[in-house]
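# Residue-level structure breakdown
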Amino acid sequence: MDRVSAFEEPLKKLLGGPTAKVMAEHLDLHTVGDLLHHYPRRYEERGRLTALTDLPLDEHVTVVAQVADARVLTFNGGRGKRLEVTLTDGHGRLQLVFFGHGVHKPHKELLPGRRAMFAGKVSVFNRKMQLAHPTYQLLDAASADDAGATEAVDAFAGKLLPIYPACKQFDSWRIAKAVDAVLPSAREAVDPLPEALREGRGFTSLPEALLKIHRPATKADVAAARDRLKWDEAFVLQVALARRRYADTQLPAVARRPAPGGLLDAFDAKLPFTLTDGQQKVSREIFDDLATEHPMHRLLQGEVGSGKTMVALRAMLAVVDAGGQAAMLAPTEVLAQQHHRSITEMMGELAEGGMLGGSDQGTKVVLLTGSMGTAARRQALLDLVTGEAGIVIGTHALIEDKVKFHDLGLVVVDEQHRFGVEQRDALRSKAHSQGEKRSPHLLVMTATPIPRTVAMTVFGDLETSVLDQLPAGRSPIASHVVPAKDKPHFLSRAWERVREEVENGHQAYVVCPRIGDDEDDPAKKKGKKAAEEDGDKRPPLAVLEIAEQLSQGPLNGLRVEVLHGRMQPDDKDDVMRRFAAGDVDVLVATTVIEVGVNVPNATAMVIMDADRFGVSQLHQLRGRVGRGSAPGLCLLVTEAHEASPARARLSAVAATLDGFELSRIDLEQRREGDVLGQAQSGVRSSLRVLNVIDDEEVIAAARQEAVAVVAADPGLEHLPELRTALDALLDKEREEYLDKG
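Parameters and conventions
- Residues numbered from 1 in each chain as written.
- Predicted model: local features only at pLDDT ≥ 70, side-chain atom pairs only at ≥ 80, totals over all residues.
- Heavy atoms only, no water.
- Helix = DSSP H or I, 4+ residues; strand = E, 2+ residues; numbered from the N terminus.
- Buried < 20%, exposed > 50% of the residue type's maximum accessible area, 1.4 Å probe, protein only.
- Contact = heavy atoms within 4.5 Å.
- Areas by Shrake-Rupley, 256 points an atom, 1.4 Å probe, with all protein chains shown as cover.
- Pairing = 2+ DSSP bridges.
- Axes fitted to C-alpha atoms, helices over the stretch in contact; angles between N-to-C directions.
- Salt bridge = Lys/Arg side-chain N within 4 Å of Asp/Glu carboxyl O.
- Phe/Tyr/Trp six-rings, centres within 6.5 Å; stacked < 30°, edge-to-face > 60°.
- Expected span 1.5 Å × (residues − 1).
- Parallel < 35°, antiparallel > 145°, perpendicular 65-115°, else oblique.
- Left-handed = near helix turned anticlockwise from the far one by under 90°.
- Nonpolar A, V, L, I, M, F, W, Y, C, P; charged D, E, K, R; others polar.
- Right-handed = clockwise from strand over helix to strand, strands pointing away.
- Core = buried A, V, L, I, M, F, W, Y, C linked by side-chain atoms within 4.5 Å.
- Lys, Arg positive; Asp, Glu negative; His and termini not counted.
- pLDDT = per-residue confidence, 0-100.

## Quick notes on the overall build of the protein chain
Looking only at helices and strands, the protein chain features 28 helices and 21 strands. For the protein chain, buried positions account for 54% of its 741 residues. Taking the contacts inside the protein chain whose residues are at least 6 apart along the sequence as the reference set, 73% of them involve residues at least 24 apart. Only carbon and sulfur atoms are counted for the fraction: they give 51% of the accessible area of the protein chain, which is about 32400 Å².

Right, dumping it as structure tokens:
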């Protein structure tokens, strides 16, 4: 079998159809290579027992422990049977429970003193941790007729016991067995590291690293394997990014220098406030980039409300001054309209170039979205192609073939992670005017704070600027967790607080994870499925249902309106306008309000089922309040159990307003996922042992090596193995995700 195809062999061939099907559906493992890169999460030593005292609630765990006692109880007048088994590790205890016909086999096998591996989901019953109907594998000397247990004992005798990331349908020890079947193929692994680099850093070979991580004899084996595999991940990813940066430096662009006494100076002169030091510094970095003849590729990250839009607008005005046009791309129509409104307000008569009452130095600022009427759209397209409009703000409708620019010089993308590589390239192609191939300068903005290592890893093809000062006049936001299940009176008090804010002349948001009222709602289906998997019967709360309950109940008499993604664009804009004008007291919405919505009079936000949102998403949502002079209040409503990871996450959000600190927490909690996180990308995760928090030195060193390798050999002509590894990493989906960030 040749070196590549050994890894591409479908699991079905080696493990059989049914096993391969379960592994594909539940663990996203399809080939021999996938399984060999599904590394153990941790290792148990045969002589030691697992700590039962700190098991995570609601997670699927594998523990090695000893049976302390087992007893069968009857209920329903003797008709029902329940087997309760208590496990011990010498410190803590854990209860197992089996029901009905499922009690016979474990009752015979799980005798006091027996040791076994147990796998199941941790839940709480009567204030005790328990596993209901766990699967198990006996580990001590078993009766001769129990071949499976004897085999397990032999396999693991005196060794480190690998515990794999598993699922309900496929236990850790079944994964271990499957790995045994494919492990011989590890010897066929293609080594992506250039030989000089591998020897210079004293790394073990890739085949050896794979054998050692799956079947280590010692802890030193595990450490050597992890060091090597971490490097592969960091290095291959950094080579991909270094190649992209190199390619970008080869592209031509038009240098754009603002004209003295032009539009930018006129705008600055009428600003009613002084820019923060941070805004001035970042603006200088951007203007330096715009003045060069290859395209700027800069990421501007700034906390919610740090004044990114002001910095972006000044960059756009500089480009218009230099004779070019600037386009701002927003992920939703609501946000595009909001940006258009706030930019025209900031510019005043400067946004009315060529119009009656407009300034001589001004330019036209046009909006272009998919839902515009034909006449307005035709006029906007005309203004773009003639160059009459210096600034255009729109959604992905800007990328359509029909949209032509006079001279596109700068593209500003808001909330980059919502845009794919094709969209970025499509916009780039619009700057190839007058028969010349030229790229517009690119400024990407995000309000999601990104730790340095993640910026180096995910946005590694962009230079980074950070705005970390808040402009004067922004108010602090108090955040609290509201445990609706444990303390229902806290929830009642939350609605009273909303009423108090409204009575004081302010407004409030209520955010729900789902729209509701429609079986086609994908979130509903997802919610139901997740609920079934979680053993949690309730789907996530929905906007339409909550709005109705609030109007008729605790917020009766207040003006309550809804906003969600399935509304007609005109209706959405109408609701947002009325909310901004103060004609709506409480807006019940989905996360469409997450970015860019700016209503300074809104001071309170209640997030329902807050545990269903990610840390950075909660932080983003919270940034919608406290935008004026009155203090903000954010209430995180949850039914999650006090000891659960979900509650810990919410407490972390409530405890700090520092987005960088929260993004670290977010990463730490998603340790077993990764930066190109499965939850966010929907593609197979490529980082398995590299940890973007702890491995900063590895990432920085790999970046340095990658830059040197690409500078010496941009096409990787002399490194075919590295090219193969890159192709595997950058399959179409992942390349797109790398660009989305």
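Structure's up, so let's keep going.
## Overview of the pairing of strand β16 (residues 477-483)
With 5 of 7 residues buried, β16 is to be regarded as a mostly interior element. Relative to strand β21 (residues 632-638), β16 is paired through 7 bridges, and the arrangement is parallel. Within β21, the position partnered with valine 482 by the bridge is valine 637.

## Here's the deal with the sheet that holds β16
Strand pairing in a sheet relies on backbone hydrogen bonds, with the paired strands running either antiparallel or parallel. The strand order β16-β21-β20-β17-β19-β18 describes an open sheet built from 6 strands, whose pairing is parallel. Each edge of the open sheet is held by one strand with a lone partner, namely β16 and β18 (560-563). If you compare each strand with its neighbour and ignore which way they point, the axes differ by 20° on average. With 4 bridges connecting them, strand β17 (residues 507-511) and strand β19 (residues 586-589) associate as parallel partners.

## A look at the sheet that holds strand β15 (residues 463-467)
If you trace the 7 strands from one edge of the open sheet to the other, you get β11-β12-β10-β13-β14-β9-β15, paired in parallel fashion. The sheet terminates laterally at β11 (364-368) and β15, the two strands that pair on one side only. Each strand of the sheet is rotated relative to its neighbour by a mean of 20°, with strand direction disregarded. Strand contacts of helix α15 (residues 374-386): β10 (325-329), β11 and β12 (389-394), with the helix running at about 130° to β11, the strand carrying the most contacts.

## Thoughts on the pattern of salt bridges
Inspection of the entire model under this criterion finds 30 salt bridges. Salt-bridge contacts for glutamate 208 lead to lysine 212; the nearest nitrogen and oxygen are separated by 3.1 Å. You can see glutamate 208 and its partner lysine 212 sitting in helix α9 (residues 206-214), 4 residues apart, about one turn around the helix. One connected set of salt bridges, linked through shared partners, spans Arg493, Glu496, Arg497, Glu500 and Glu501.

## Thoughts on the environment of glutamine 617
Within the secondary structure, glutamine 617 sits in helix α22 (residues 615-622). Exposure remark for glutamine 617: the relative accessible area of 24% places this residue in the partly exposed category. Spatially, the C-alpha atoms of glutamine 617 and threonine 591 are 8.7 Å apart, while their sequence positions differ by 26 residues.

## Looking at the packing of aromatic side chains
Scanning the entire structure with this criterion turns up 6 aromatic pairs. Taken together, a centroid distance of 5.1 Å and an interplanar angle of 55° make the contact between tyrosine 509 and phenylalanine 579 tilted. Here tyrosine 509 is found in strand β17, whereas its partner phenylalanine 579 is found in helix α21 (residues 569-580), with 70 residues between them in sequence. Each member of the pair, tyrosine 509 as well as phenylalanine 579, is classed as buried. Three or more aromatic residues link up through ring pairs in this structure, and these residues are Phe98, Phe118 and Tyr136.

## Comments concerning helix α13 (residues 308-321)
Its 14 residues give α13 an end-to-end C-alpha distance of 20 Å, which sits within 8% of 20 Å, the value for a rise of 1.5 Å per residue. Within two residues after α13, glycine 323 carries a phi angle of roughly 90°, on the positive side.

## Some thoughts on the environment of valine 124
With respect to the secondary-structure elements, valine 124 resides in strand β5 (residues 115-125). Measuring from C-alpha to C-alpha, the distance between valine 124 and alanine 643 comes to 9.5 Å, with 519 residues separating the pair along the chain. Non-local contacts of valine 124, meaning those with residues more than four positions away in its chain, are made with Leu57, Met129 and His641.

## Focus: the packing of helix α10 (residues 219-249) against helix α26 (residues 696-712)
In the contact formed by α10 and α26, the axes pass within 8 Å of each other and the chain directions differ by 50°. What the angle tells us is that α10 and α26 run oblique. Note on packing geometry: the crossing formed by α10 with α26 is right-handed. Here Lys230, Trp231, Ala234, Phe235, Gln238, Val239, Ala242, Arg243, Arg245 and Tyr246 of α10 lie close against α26, whose contacting residues are Val698, Ile699, Ala701, Ala702, Arg703, Glu705, Ala706, Val707, Val709 and Val710. Along the lines of polarity and charge, the residues of the contact of α10 with α26 split into 14 nonpolar, 1 polar and 5 charged.

## Thoughts on the pairing of β12
The element β12 is extensively covered by neighbouring structure, given that 6 of its 6 residues are classed as buried. The pairing of β10 with β12 spans 4 bridges and is classified as parallel. Directly across from methionine 328, in β12, lies its bridge partner isoleucine 393. Sheet analysis places β11 next to β12, joined by 5 bridges and oriented parallel. Note that in β12 the partner of valine 365 across the bridge is isoleucine 391. In this fold, β11 hands off to α15, which returns the chain to β12; that crossover is right-handed.

## Remarks on the nonpolar core
Counting 40 residues, the largest nonpolar core has Met316, Met347, Ile391 and Leu410 as its most contacted members. Among the elements that take part in this core, α13 stands out by supplying 10 residues, more than any other. Apart from residues no more than four positions distant in its own chain, leucine 410 is found in contact with Leu290, Met296, Ala315, Met316, Val319, Gln325, Ala326, Ala327, Pro440, His441, Leu442 and Leu443. In this structure, Met567, Val575, Ile593 and Ile607 belong to the second largest nonpolar core, which totals 33 residues.

## Looking at the environment of alanine 455
Within the secondary structure, alanine 455 sits in helix α17 (residues 452-458). Of the residues examined, alanine 455 reaches a relative accessible area of 9% and is grouped as buried. Alanine 455 sits 154 residues away from glutamine 301 along the chain, and the two C-alpha atoms are 9.9 Å apart. Leaving out residues up to four positions away in the same chain, alanine 455 has contacts with Gln301, Ile450, Gly460 and Thr464.

## Observations regarding the packing of α13 against helix α14 (residues 333-347)
Running from amino to carboxyl end, α13 crosses α14 at an angle of 70°, the nearest separation of the two axes being 11 Å. Taken together, α13 and α14 sit at an angle that is classed as roughly perpendicular. In the packing of α13 onto α14, the handedness of the crossing is right-handed. On the side of α13, the interface is formed by Thr309, Met310, Leu313, Met316 and Leu317, while α14 contributes His339, Ile343, Met346 and Met347. In terms of residue class, the contact of α13 with α14 is made up of 7 nonpolar, 2 polar and no charged.

## Some details on α22
Across the 8 residues that make up α22, a large majority, 7, are buried. For α22, the complete set of buried residues consists of Val615, Ser616, Leu618, His619, Gln620, Leu621 and Arg622.

## Section: the side chain of aspartate 171
Mapped onto the elements, aspartate 171 comes out in the loop between β8 (160-163) and α7 (172-182). Buried within the structure, aspartate 171 lacks any salt-bridge partner; its nearest side chain of opposite charge belongs to arginine 174, at an N-O separation of 5.3 Å. Those residues in contact with aspartate 171 that lie beyond four places of it in its chain are His60, Ala119, Thr135 and Ala166.

## Quick word on the confidence of the model for the protein chain
Overall, the prediction assigns the protein chain a mean pLDDT of 82, with 83% of residues at 70 or greater. In this model, residues 519-536 is a region of pLDDT below 50 whose contacts with residues beyond four sequence positions or in other chains number 20 contacts. Segment residues 735-741 is flagged for pLDDT under 50; beyond a separation of four residues in sequence, or across chains, it makes 31 contacts in the model.

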